[in-house]
Amino acid sequence: MATSARVKELVAQGDMLFTKRQPLLSVWQTMAENFYPNRADFTTSHTLSDEFGGHLQTGRPLLAQRDLANALSSMLRPRGKPWFWARTHDEDINNDAASREWLDLHSDQMRRLMYAPHSQFVRAAKQGDNDFACFGQCVIQPSLNADLTGLLYRNWHLRDVVWCENSELRIDVVHRNWKLEAREMIRLFPKTVHSAVTRLVEKHPYQEIKCRHIVIPADNYDYGEGKKTNKVKFPFVSIVIDVENENILEEVPQKRLGYVIPRWVTVAGSQYAYSPSTVIALPDARMLQAMSLTLLESGQKAVDPPLKATSDAIVGGVNWYAGGVTWIDKEYDEKMGAALEPLLPPAGSALGWGEHQITKIEQLITEAFFLNKIALPPQDVGREMTAFETKQRIEEYIRGALPLFEPIETDYNGALCEETFHILMESGAFGSPQDMLANMPQPLQGHD
């Protein structure tokens, strides 16, 4: 197939996936506006002067989402502590002294590379945690940096990425829109960049060019005449396309998908997940915003009430400020009512009821975001707990927190670590394949 026709076909396939996913953007936009306004640019665009949460009356729903996202990293990826170890699926091998020493040595080396200053791991994971807490999924791409001297982690906006599942419910197709500056395109793809970009960079080096990164199964891709690859060893192909100039910038086989897309709760028939926290808390968040506005208006009326004034009885207007004096016509005797009085009765009792309701709604939002589950159950004040009671408290905590942390440990942390380990091993960070095989204990050889 000719290059131009292949590009158009690939872009058309991705456009179809983006069109099919379009209705979901409005749902994500609503959730972001109520819980994560920094990310509320699914259907609109942010500007540098945006206040993000300026449309909200209270920040309590935002605090709940932030606290859950922070809990994911602090409890599952504590900085300064080992939170992962390389292991096999065979416990007998894991308990072998030589095998465990080899695995722990490479785990420590991998940890140092992940937290290297230029890897951007903390930044990508923090952004991913917020996406996961608010939308139930995130997209992180672990890879080597452009100089092949270290790791690079990037979190991509859900708006720009679509994916598909195969019959085994595993993601095997990813299309990602990517705006790349002309100067960066020349730096990353100097041999394949289009001549139009070369001319553009001389006057407009920072102009963004619409690109797309595509990862599809190798069985579904035609490399063209004279190009072959081992589709068993490399089951995927990665393609970077300059969409504006219909030019293929990169076309390489790869062993894995290259993206880590953890999903919290999935719905049958859809490859996209959702966050149970925001689904449950969204009605309460909307009600809380409405009630906060109502109470704010009621409070303003209580301290600065609307006034009822008698026509022609007021001289010179109403001076409703501290120390102000309002003059009344001396001939007005107030037999028909006061010349100046509040229009509405005090709203003190209504304010108290509203505050009570707001407290209840805030508690419901806290429960929706598992914030009451990620802390140990309260201890009785004034007495020490027995060992049995302490064990019961911990077991109760585990039962409450398990639905939250279980999918994250396997699909999020586990997938990130596995992808990172493969990247480092294939790039020679642990030594050449020959040296690794020579130094690897016999029980480990042939195991994942």
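Computed from a predicted structure; not experimentally measured. (Residues numbered from 1 in each chain as written. Predicted model: local features only at pLDDT ≥ 70, side-chain atom pairs only at ≥ 80, totals over all residues. Heavy atoms only, no water.)

(A) Representation of the overall build of the protein. Assigned secondary structure in the protein consists of 11 helices and 13 strands. For the protein, the residues scored as buried account for 42% of the 448 residues in total. Counted over contacts in the protein with a minimum sequence separation of 6, partners at least 24 positions apart contribute 66%. (Helix = DSSP H or I, 4+ residues; strand = E, 2+ residues; numbered from the N terminus. Buried < 20%, exposed > 50% of the residue type's maximum accessible area, 1.4 Å probe, protein only. Contact = heavy atoms within 4.5 Å.)

(B) Region of the structure containing the sheet that holds strand β6 (residues 236-242). Read from one edge to the other, the open sheet built from five strands follows the order β3-β4-β5-β6-β7, with strand pairing classed as antiparallel. Strands at the two margins of the open sheet, each flanked by one partner only, are β3 (161-165) and β7 (247-254). Direction aside, the axes of adjacent strands within the sheet are offset by 15 degrees on average. Here eight bridges tie strand β4 (residues 171-181) to strand β5 (residues 208-217), and the two strands are oriented antiparallel to one another. Bridging from a neighbouring strand, His175 pairs with Ile214 of β5. (Pairing = 2+ DSSP bridges. Axes fitted to C-alpha atoms, helices over the stretch in contact; angles between N-to-C directions.)

(C) Inspection of helix α5 (residues 121-135) at higher detail. Here α5 spans 20 Å end to end across 15 residues, near enough to the 21 Å set by a 1.5 Å rise per residue. Burial runs high along α5: 11 of the 15 residues are buried. Listed as buried for α5 are Phe121, Ala124, Ala125, Gly128, Asp129, Asn130, Asp131, Phe132, Ala133, Cys134 and Phe135. With its phi angle positive at about 85 degrees, Gly136 sits one or two positions after the end of α5. (Expected span 1.5 Å × (residues − 1).)

(D) Representation of the packing of aromatic side chains within the structure. A full pass over the atoms with the stated rule returns 16 aromatic pairs. Taking 5.4 Å as the distance between ring centres and 15 degrees as the angle between the ring planes, the aromatic pair formed by Phe132 and Trp264 counts as stacked. Remark: Trp264 occurs in the loop between β7 and β8 (265-266) and Phe132 occurs in helix α5; sequence separation between them is 132 residues. Here Phe132 and Tyr412 contribute two aromatic rings whose centre-to-centre distance is 5.7 Å and whose plane-to-plane angle is 40 degrees, an arrangement assigned as tilted. Here Phe132, found in helix α5, pairs with Tyr412, found in helix α10 (residues 387-427); they are 280 residues apart in sequence, far enough to count as distant. With respect to burial, Phe132 and Tyr412 carry one shared label: buried. Three or more aromatic residues joined by ring pairs form one cluster here, namely Trp28, Tyr36, Phe42, Phe135, Trp163 and Tyr272. The lysine or arginine in question, Arg77, covers the ring of Tyr412, its NZ or CZ lying 5.1 Å from the ring centre. Across from the ring centre of Trp178, 4.9 Å away, lies the NZ or CZ of Arg176, which sits over that ring. (Phe/Tyr/Trp six-rings, centres within 6.5 Å; stacked < 30°, edge-to-face > 60°. Lys NZ or Arg CZ within 6 Å of the ring centre and 35° of its normal.)

(E) Expanded view of the environment of Ile239. Counting through the fold element by element, Ile239 comes out in strand β6. As a C-alpha pair, Ile239 and Glu251 span 12 residues in sequence and 4.6 Å in three-dimensional space. Apart from residues no more than four positions distant in its own chain, Ile239 is found in contact with Leu10, Arg212, His213, Ile214, Ile216, Tyr221, Ile248 and Glu250.

(F) Representation of unusual backbone geometry in the model. Even without a glycine there, the phi angle at Gln120 is positive, about 65 degrees. Examined against the element boundaries, Gln120 turns out to sit in the loop between α4 (97-114) and α5. Not every positive phi belongs to a glycine, and Leu148 is a case in point at roughly 60 degrees. Tracing the sequence through the fold places Leu148 in the loop between β1 (139-144) and β2 (151-156). Overall, the relative accessible area of 62% leaves Leu148 in the exposed class.

(G) Local environment of the pairing of β6. A large share of β6 lies buried, amounting to seven of its seven residues. Of the two faces of β6, both are covered, the one formed by Phe236, Ser238, Val240 and Asp242 as well as the one formed by Val237, Ile239 and Ile241. The sheet contact formed by β5 and β6 spans seven bridges and is antiparallel. Bridging from a neighbouring strand, Cys211 pairs with Asp242 of β6. Direction of pairing for β6 relative to β7: antiparallel, over a ladder of seven bridges.

(H) Up close: the pattern of salt bridges. On inspection of all chains with the given rule, the structure shows 14 salt bridges. The closest approach of N and O atoms between Arg263 and Glu165, which form a salt bridge, is 2.5 Å. In this pair, Arg263 sits in the loop between β7 and β8 while Glu165 sits in strand β3, placing the two residues 98 residues apart along the sequence. Residue class for Arg263 comes out buried when judged on its relative accessible area of 14%. Given a relative accessible area of 27%, Glu165 falls into the partly exposed group. Note that Arg256 is salt-bridged to Glu419, the shortest N-O span being 3.1 Å. (Salt bridge = Lys/Arg side-chain N within 4 Å of Asp/Glu carboxyl O.)

(I) Representation of the side chain of Gln141 within the structure. Mapped onto the secondary structure, Gln141 falls in strand β1. A distance of 3.0 Å separates polar atoms of two side chains, one belonging to Gln141 and the other to Trp156. Apart from residues no more than four positions distant in its own chain, Gln141 is found in contact with Leu152, Tyr153, Arg154, Trp156, Arg176, His213, Gly258 and Tyr259. (Polar contact = N/O pair within 3.5 Å; in protein donor to acceptor, adjacent residues only side chain to side chain.)

(J) The arrangement of helix α1 (residues 3-35) in detail. Taking 1.5 Å per residue, 33 residues should reach 48 Å; α1 reaches 44 Å between its end C-alpha atoms and fits that length. Most pronounced at Gln22, the bend in α1 amounts to some 45 degrees, and the proline Pro23 follows within four residues. (Bend = angle between axes of the 7 residues up to and from the residue.)

(K) Up close: the environment of Lys373. Relative to the elements of secondary structure, Lys373 occurs in the loop between α9 (348-368) and α10. Put simply, Lys373 and Leu404 are 31 residues apart on the chain and 9.0 Å apart in space, counted from C-alpha to C-alpha.

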